[in-house]
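Residue strings, one per chain:
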Amino acid sequence: MSLFDKIRKVGRIAEAPIVSAAGPVPEAARRLRGSLQIRAVDAGSCNGCELEIGSAFGPHYDAERYGARLVASPRHADALLVTGPVTHNMATPLRKTFEATPAPKLVIAVGDCACDCGVFKGAYGVAGAVKDLVPVDAEIPGCPPEPAVIVAELRRLTGR
Amino acid sequence: VTLAGTALGLASAAALVGCVAGFVLPRRSRVVVATLATALVGTGATAAGLGVLLTGDHVTARWPEILPLAGVTIDLDPLGAWFVLAAGAVIVPVAVYAYGYCDHALTGRAVQGLLPVFAATLVLVPAAGSMSTFLVLWELMAMSSLVLVAAEHGDRPAVRQATVWYGVMTQLGFVAILIAFGLAAAGTGHETFAAIRHDAPTLSAARASTIFVLALAGFGSKAGLVPLHVWLPRAHPEAPSHVSALMSGAMVSLGAYGVVRVAIDLLGGGPRWWGVLVLALGVASALFGILHALVASDLKVLLAYSTTENMGLVFVGIGAAVLLAAVHEPALAGVALAAALLWVLNHAVFKALLFLAAGSIARSTGTRDLDRLGGLMKRLPVTATMFTVGALAIAGLPPLNGFVSEWALFQTLVRAGGRPPDVLGLTMPMAVGAVALTAGLAAATFVKAIGTGMLAMPRSPEAERAVESPVPMLAGMSVLASACLVLGLVPGLLASGLGRAVRAAGGRGEPLGSGVAELRLAGARGVISPVLLAVALLVGLVLVLGVARALGGSRARRRAENWGCGRVLQTARMEYTAISFAEPLQRVFSDVLHPQHDIDVTHAAESRWYVEAVQYRASIADGIDERAYQPAVGALRWWGERARALQNGSVHRYLAYGFGALLVVLVVAR
C-alpha cells in the first residue's frame, strides 16, 4: 500500500503551463492549425540538446500538451528540429531530410551550435550553421536551451 | 484419315527430316532446319490435339511390320490428345526460342538432330496405343533428352554428374514401368491398351495393385515426385534452357499421363488406398518442392523444385479423382481429374515460359545465381517482363492461367471434404490445408525471384552489363506469355475438350460446363468468370488511379527522392538478397530443411582478443538426397570397389571364372 500512499502524496508534478514565447508566427506554422509533427535531426550535436528535447517531451514539461509531437520519419513531419553544428558528414543527410519533408514545413534550429555553430565555429569538421544549408524559421538559443524554453518556442509555433 | 491424323503424321515426318538434317547439314543451316522441323512438330501436335479434343474422334493406326513381334499401334484418344496439346503448345514457342538461343556450344550435330526427335516423342508417347509402342517411345524420349541434357558437358563438369543422375533415375523408372506393363500384359494376355482396358476387371486385386504401385513409382520418378525427384534439381539447371523448358513443361507431365492412363483408364480405378497413396505423394511433393524452391538461390534450381511442387499438386488432383471414384462420387472424381489435367496444361505453359526467361537471363548475364542478378527489369525489359508474367501465373494470381486451375482444385477438394464416408472428411481438409500452404509459399518464392532477380540494383558487373536477348527468343517467350493470359481469361474455350479427355479416362457425365466468359464445375457446383474478374480488376485499378488523380490534381506536386533515412550512397551490398529474403521462412521450416550454418573466426596472430576475419557459410541440402540417395550411392561405390578385386587382369583367373560358371550351370540344369 505504501506505493499508493506515495502516489497520493506526490500528486501531480507536471510543470505549471509555460508561457508561450512572443514574436511573429510564420505563415507555414499558421497553416498547421495547432498541430505540429516534429522530426528531430541530429546534425552533429554533442547530445546536450537531445537530452533537453527529450525532457521537453517527457512527462514533466510535456510539450505534447501544446500540440507538438515527435514522429519517426520526415515523411510524417511538419517541422524539423535540428540540433548541433552541421558537420560535413551530416550536410547531405540534412538536405535530404529537408527534401523529404512535405510542404508546408518549418525548420527549428535548437541550441547555440545549430543557430551559429557556437563554440565549434570554424572547426575543421563543421560545414556551417543550419541556416547555411536549409532555410530556418525559428531559432532556440542556449547551450543547451532549457526544456521550458523549447516548449515556449513550440507553443509560439503551434499557437496553443 | 482425319485432319488430326494427318497433323500427327506430318509432325512425325517433320521430326524425321529435322533429325536427318540436324546430323547431315552444315552448322549454319543445321540450326535453321532443325528448329523449323521442331516448330512443325509442335504445330502438328497442337493441330492433332485440338482436332481430337474438339471432335472426340480417335486417331488410330497400326503398322505391324515396323517393330518385330509387336508392331506399332497408335491410338490417340481425347485423354492423350490433352497431353499432345500441352506438348504442342510448348514445343512451338520453344522451337522459335531455340533458333535464337542455340549458338556456338549448342549447334552440335547431336543437339540439333535430337531436338526434333525429343519433341516428337513428347507428342507420340501419349498417342501410343499399345504397351510395346509406348515403351519404345518412352525410352526414345528418355535417351534423346539425356543427350540433350548433356549438351554442355564440355563447359561445366556439373553437367556430366547431372546427366548420370538423370540417366540412372529415368532407367530405374523405366524398369518399374516395364515390369508393371509386363504384369498387365501377362495378366490379360494382350498388349494393346484397348484390349487391356477391356480385360482389366479380370485381373486379381493383388496383381492390379502391384501394377499400380510399380507404375506409380516409374511414372512418379519421371514426374519428379518426392522421393524420386532428385534428378530434377540436377538435370533441369544444367540442361540448355530450351531443353529444360521442354522437359519441365512437357516431359514431366507425361509422368502424370502415365499414372492417369494406367490407374484410372486401364485398370479402371482401384481401392481407396490407391487414391490416398497418390494424394499423400502429391501433398508431400508439393510441400517439399516448394520449401526447397523457397530457399534456392539458383534460379533454375528454384524452377526445378517448383516443378516438383506443381507435379505434386497435379497428383493431388489425380489422387482425389481415384479416391472419389473409389467411394462412388463419380461427378466429383471427374471434376478432380479435370482440375489436374487443367493444371498440367497451365503448368506446361508457364513453366516453359519461366525456364525460357531464365535461359535468356543466364545467357546474357552468365549466371543463374539470384544473388548475383538484380536490376534486370531495366536492362532486359522484355525478358524480365516475361519472367514476371510467368511468375504471377505460377503464383496463381488472376487474370493469369494458374489462378483458374488452382481455383478448380480448391473447389473440388473443399466440396469433397464435406461428403461421406469418413475417409474424405479426413483426407480432403488436410489436402486443402497443404495446397493452401503450398500456394502461399509459391507466392513468397516468386516474390523472391522477381524482387531480387528482376527489380533492385544489379548485384554483379555481369548483371550490370546485361543486354537483351535476340528477337526469336523474345518472340518464343511472348507466345507463351500470351497463352498464359488467354488460358487465364477464357478457360471455358477448352471445357468441352477437357470434358472429353476426362470421359476418355473413364469419367462419366460432363464435369465442366462453360459459357462465353465463364467456367463451370458442373460436378462441384462452382462457377468462375475470369473475364469478369479481369474487368473488375481493371475497373478497380482505373478507379483508384482516377480518384487519386482527381483528389490530388489541385495540389502542387513536387518530385523527391525516395526516403532512405538520409543515406548518402547506396550500393548493391545493402540490398535484400534472395537468401536473406527466405531466411525467416527457412527458420520456420528448419525442421524440414535442416539448414547448415558454419561460422569460422580467424584470430589475429598477436592476440586471441582481436579478430582477423569472420567467415559465414550457410547451405541447405536436399534431405532426401542426403539421407537416402547418398548412402545408397556410397554403398554401391563400396561394392564396386570390392568387385574390382575379382578383375585383376590375370587370364588364368578369368578362365577359372568361366569354368566355375560352367560347372554351376551344369549342376543347376542337371
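As a starting point, this report considers the structure included with it. (Residues numbered from 1 in each chain as written. Chains lettered and ligands numbered in written order. Predicted model: local features only at pLDDT ≥ 70, side-chain atom pairs only at ≥ 80, totals over all residues. Heavy atoms only, no water.)

A separate point is the pattern of salt bridges. Residue and element names in this part refer to chain B. For the coordinates displayed, the defined rule picks out 20 salt bridges over all chains. Across the pair Glu-462 and Arg-372 runs a salt bridge, and its minimum N-O distance is 2.6 Å. With a gap of 90 residues between them, Glu-462 in helix H18 (residues 461-464) and Arg-372 in the loop between helix H13 (330-365) and helix H14 (376-379) connect regions that are remote in the sequence. Glu-462 sits in the partly exposed class, given a relative accessible area of 26%. Members of the salt-bridge network, linked through shared partners, are Glu-152, Arg-156, Glu-238, Asp-298 and Arg-368. (Salt bridge = Lys/Arg side-chain N within 4 Å of Asp/Glu carboxyl O. Helix = DSSP H or I, 4+ residues; strand = E, 2+ residues; numbered from the N terminus. Buried < 20%, exposed > 50% of the residue type's maximum accessible area, 1.4 Å probe, protein only.)

On to the interface of chain B and chain A, then. Each partner contributes residues to the interface: chain B has 8 residues there, and chain A has 13 residues. Summing both sides of the interface, chain B and chain A together bury roughly 790 Å²; the carbon and sulfur share of this comes to 49%. Its largest share of buried area at the contact with chain A, chain B owes to B:Arg558, B:Trp563 and B:Val568, together 65% of the area lost on that side. The salt bridge partner of B:Glu561 is A:Lys96, with a shortest N-O separation of 3.2 Å. Across the contact surface, chain B and chain A share 5 residue pairs in polar contact (both at pLDDT 80 or more). Within the side of chain B that touches chain A, the residues separate by chemical class into 3 nonpolar, 2 polar and 3 charged. (Contact = heavy atoms within 4.5 Å. Buried area = accessible area lost by both parts, 1.4 Å probe. Polar contact = N/O pair within 3.5 Å; in protein donor to acceptor, adjacent residues only side chain to side chain. Nonpolar A, V, L, I, M, F, W, Y, C, P; charged D, E, K, R; others polar.)

Residue and element names in this part refer to chain B. Topologically, Thr-427 is positioned in helix H17 (residues 422-454). You can call Thr-427 buried: its relative accessible area is 15%. Discounting chain neighbours no more than four positions away, the residues touching Thr-427 are Val-276, Leu-279 and Leu-323.

A separate point is the sheet that holds strand S7 (residues 138-140) of chain A. All names here are of chain A. The strand order across the open sheet formed by 5 strands is S2-S1-S3-S5-S7, and the pairing between neighbours is parallel. Each edge of the open sheet is held by one strand with a lone partner, namely strand S2 (68-70) and S7. This sheet shows a mean twist of 30 degrees between the axes of neighbouring strands, independent of strand direction. Sheet topology note: the strand S5 (residues 106-110)/S7 ladder contains 3 bridges and is parallel. Within the sheet, the bridge partner assigned to Ala-109 lies in S7 and is Glu-139. Running at roughly 165 degrees to S7, helix H7 (residues 147-158) makes contact with strand S1 (36-42), S2, S5 and S7 of the sheet. (Pairing = 2+ DSSP bridges. Axes fitted to C-alpha atoms, helices over the stretch in contact; angles between N-to-C directions.)

The next subject is the sheet that holds strand S5 (residues 526-528) of chain B. Residues and elements named next belong to chain B. A sheet is described by the order of its strands in space; here 3 strands give the open sequence S3-S4-S5, paired in antiparallel fashion. The two strands at the open ends of the sheet, each matched to only one other strand, are strand S3 (512-514) and S5. Direction aside, the axes of adjacent strands within the sheet are offset by 20 degrees on average. The sheet contact formed by strand S4 (residues 519-521) and S5 spans 3 bridges and is antiparallel. Residue Leu-519 lies in a different strand from S5, and its bridge partner there is Ile-528.

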